[in-house]
Amino acid sequence: MSMIAAFYSGKSILITGATGFMGKVLMEKLFRTSPDLKVIYILVRPKAGQTTQQRVFQILNSQLFQKVKEVCPNVHEKIRAIYADLNHNDFAISKEDMQELLSCTNIIFHCAATVRFDDHLRHAVQLNVTATQQLLLMASQMPKLEAFIHISTAFSNCNLKHIDEVIYPCPVEPKKIIDSMEWLDDAIIDEITPKLIGDRPNTYTYTKALGEMVVQQESGNLNIAIIRPSIVGATWQEPFPGWVDNLNGPSGLIIAAGKGFLRSIRATPMAVADLIPVDTVVNLTLAVGWYTAVHRPKSTLIYHCTSGNLNPCNWGKMGFQVLATFEKAPFEKAFRRPNADFTSNLITSQYWNAVSHRAPAIIYDFYLRLTGRKPRMTKVMNRLLRTVSMLEYFVNRSWEWSTYNTEMLMSELSPEDQRVFNFDVRQLNWLEYIENYVLGVKKYLLKEDMAGIPEAKQHLKRLRNIHYLFNTALFLIAWRLLIARSQMARNVWFFIVSFCYKFLSYFRAPSTLKV
Ligand SMILES: CCCCCCCCCCCCCCCCCCCCCCCC(=O)SCCNC(=O)CCNC(=O)[C@H](O)C(C)(C)COP(=O)(O)OP(=O)(O)OC[C@H]1O[C@@H](n2cnc3c(N)ncnc32)[C@H](O)[C@@H]1OP(=O)(O)O
Ligand SMILES: NC(=O)C1=CN([C@@H]2O[C@H](COP(=O)(O)OP(=O)(O)OC[C@H]3O[C@@H](n4cnc5c(N)ncnc54)[C@H](OP(=O)(O)O)[C@@H]3O)[C@@H](O)[C@H]2O)C=CC1
């Protein structure tokens, strides 16, 4: 019997960010392994024309939750969607709902965040710092609370090369930042943002670091733990391999590469690709929830959920396997044939951007104009290159994260728990995982049918022929122009032609003699 699964039975659990990538997988696993849990409260806001109830309905009816329905048929009754917006200081939760949350919650998993790299500092502080502070305040009023688990990121201290499972202070106190956001106007915030984030690459990593400081400072008597995952990717095993539903991290780039838009990137092939499957993060999170509540460690423990020091993979290997999977199962209606050139040199990368990305986009837009359609490829390409430039920081560096606490926790689990809540990344076979990841992107993100693979392969063959034809035509035009203008080119041309003629005559002569 799994001790962790038994621990969650009968519990009332509060999850923020349950509609997000990680939150959904967390809920799914909880319902599947502890169908006897009392209730999961989720803080949800209406979005994209959907009410909170409609959003929950959509999640529960998705493919991800199919297995849950078999083991927990009354899952709809066990989920309580609470209207909440973390952009508001009191989360805009009704009095009645707040009362219920305060009096019933046993465990909190705080996953909600803005994960955009380019978010305005005011918004990133509100979500990643102030909302965390507010939630801690709520937690301190919950008499039945056993553990508060905060999800941070392994990159909150990406300005360091070696990162331990400790909280590193930021120069300016989070409270001062929160206060200043209330009275500074946007223009001034824009001006001071680079100074505040310092040697971190974006507002996301900076505000996640501030969030950790808030957790440390406001923990009071609460039983708290922090989890720091690295780059969270598709599921490894559960509930099935390759599930992914957003474009963050490598997923968006896999699409861009598979569709032939992105053919080169400024990346260091030997740099560690510190990916971690989302189900591994969820298993560790649930194990940490159990350990924190049952063993009540004296201080706030931080757990690195990373792969690099236990089972490293690098970007070169990842790119190679992604391309190999495109060969087997290409994406439909590609713009160009997929290719992956990794260069760490800025000039070379700019050259490839011009030749492999911007030029084809301009040519395609020209073709669209000629055929009376609206040009759009240059715009799409500009957006893609902007996205890529934001991710470049993470694919040209390697970090070392120590994992003492995570390894300690692994050794504390029973063999059954080690199996049901497996977060031992040493068992991960990267090539298999990456192949399933790419297939998952095709299936669950692009919603492409595997039956369309022969047609997609045919399309790529046509693109290859167009590519050869285009290059030959381009070469002939360039050469024709060159001989028309340069005596030297004419001499070279004369030399090549006469050489070929002599070469052919040499072979023709003996055969004529025989006859
Ligand atoms: C040579 C080819 C290479 C590929 C070969 C094979 C690929 C495999 C090798 C992969 C190598 C490179 C992998 C790099 C991965 C590195 C990730 C590192 C991240 C680690 C950081 C820490 C982890 C965390 O803690 S947080 C979680 C990560 N967060 C994110 O990833 C958020 C990133 N996204 C953003 O910040 C924004 O979306 C932004 C700024 C990139 C774009 O904002 P913008 O306002 O311009 O537009 P959006 O409305 O958001 O989207 C516009 C457009 O772009 C699409 N899109 C969004 N995100 C991505 C993405 N990550 N990749 C690609 N495309 C993306 C989005 O859908 C929109 O499309 P439309 O069609 O216009 O709707
Ligand atoms: N994905 C990754 O690679 C990594 C993620 N992390 C961390 O893991 C956690 C989960 O990330 P992930 O699932 O990928 O992120 P997502 O962007 O998929 O999910 C974010 C969640 O936060 C919710 N949220 C955002 N703003 C508000 C708001 N104003 N009010 C209520 N809810 C809000 C979103 O709700 P809604 O659906 O309404 O927008 C969504 O449920 C985050 O803390 C992130 O920092 C750490 C390392 C890597």
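- An unreviewed UniProt entry lists the chain under the name Fatty acyl-CoA reductase, with Mustela putorius furo as the source organism.
- What UniProt records for the chain under Sequence similarities (unreviewed entry) is the sentence "Belongs to the fatty acyl-CoA reductase family."
- Recorded in UniProt under Subcellular location (unreviewed entry), the annotation for the chain is "Peroxisome membrane".

**A closer look at the site of ligand 2**
Here is step 1 of the chain: In the vicinity of ligand 2 lie 26 residues, with T19, R45, K47, R55 and Y204 positioned nearest.
Here is step 2 of the chain: In the model, a nitrogen atom of ligand 2 is placed 3.3 Å from a nitrogen or oxygen of the N87 side chain.
Here is step 3 of the chain: In this structure, C111 approaches ligand 2 through a main-chain N or O atom, which is 2.9 Å from an oxygen atom.
Here is step 4 of the chain: Expressed as a share of its isolated accessible area of 880 Å², the protein-covered part of ligand 2 is 91%.
Here is step 5 of the chain: Within the residue set of the shell around ligand 2, elements represented by two or more residues are α2 (21-33) and α9 (203-217).
Here is step 6 of the chain: Tallied by class, residues from the shell around ligand 2 come to 13 nonpolar, eight polar and five charged.

**Regarding the site of ligand 1**
Here is step 1 of the chain: Around ligand 1 sit 32 residues, and of these R116, F117, Y204, L247 and R386 come closest.
Here is step 2 of the chain: Here R116 contributes a side-chain N or O atom positioned 2.5 Å from an oxygen atom of ligand 1.
Here is step 3 of the chain: Contact distances for ligand 1 include 3.4 Å between an oxygen atom and a side-chain N or O atom of R383.
Here is step 4 of the chain: Relative to its unbound accessible area of 1,400 Å², ligand 1 is 81% covered by the protein chains.
Here is step 5 of the chain: Breaking the shell around ligand 1 down by element, the ones donating at least two residues are α10 (250-258), β9 (264-266), α12 (315-328), β12 (341-343) and α14 (377-395).
Here is step 6 of the chain: When residues of the shell around ligand 1 are assigned to their parent elements, the largest contribution, six residues, is made by α14.

**Details of the nonpolar core**
Here is step 1 of the chain: If you look at the biggest cluster of nonpolar residues, it comprises 106 residues, and the most contacted ones within it are I15, I42, F109 and L409.
Here is step 2 of the chain: Among the elements that line this core, the one with the most residues is helix α11 (residues 278-295), at 10 residues.
Here is step 3 of the chain: Dropping the residues within four chain positions of it, I42 is found in contact with I15, A18, M27, V56, I79, R80, A81 and I82.
Here is step 4 of the chain: Among the nonpolar cores identified, the runner-up in size contains 45 residues, and M98, M142, A209 and V214 belong to it.

What counts, and where the lines are drawn
- Residues numbered from 1 in each chain as written.
- Chains lettered and ligands numbered in written order.
- Predicted model: local features only at pLDDT ≥ 70, side-chain atom pairs only at ≥ 80, totals over all residues.
- Heavy atoms only, no water.
- UniProt positions renumbered as here; feature names shortened; annotations may be inferred.
- Near = heavy atom within 4 Å.
- Polar contact = N/O pair within 3.5 Å; in protein donor to acceptor, adjacent residues only side chain to side chain.
- Areas by Shrake-Rupley, 256 points an atom, 1.4 Å probe, with all protein chains shown as cover.
- Helix = DSSP H or I, 4+ residues; strand = E, 2+ residues; numbered from the N terminus.
- Nonpolar A, V, L, I, M, F, W, Y, C, P; charged D, E, K, R; others polar.
- Core = buried A, V, L, I, M, F, W, Y, C linked by side-chain atoms within 4.5 Å.
- Buried < 20%, exposed > 50% of the residue type's maximum accessible area, 1.4 Å probe, protein only.
- Contact = heavy atoms within 4.5 Å.

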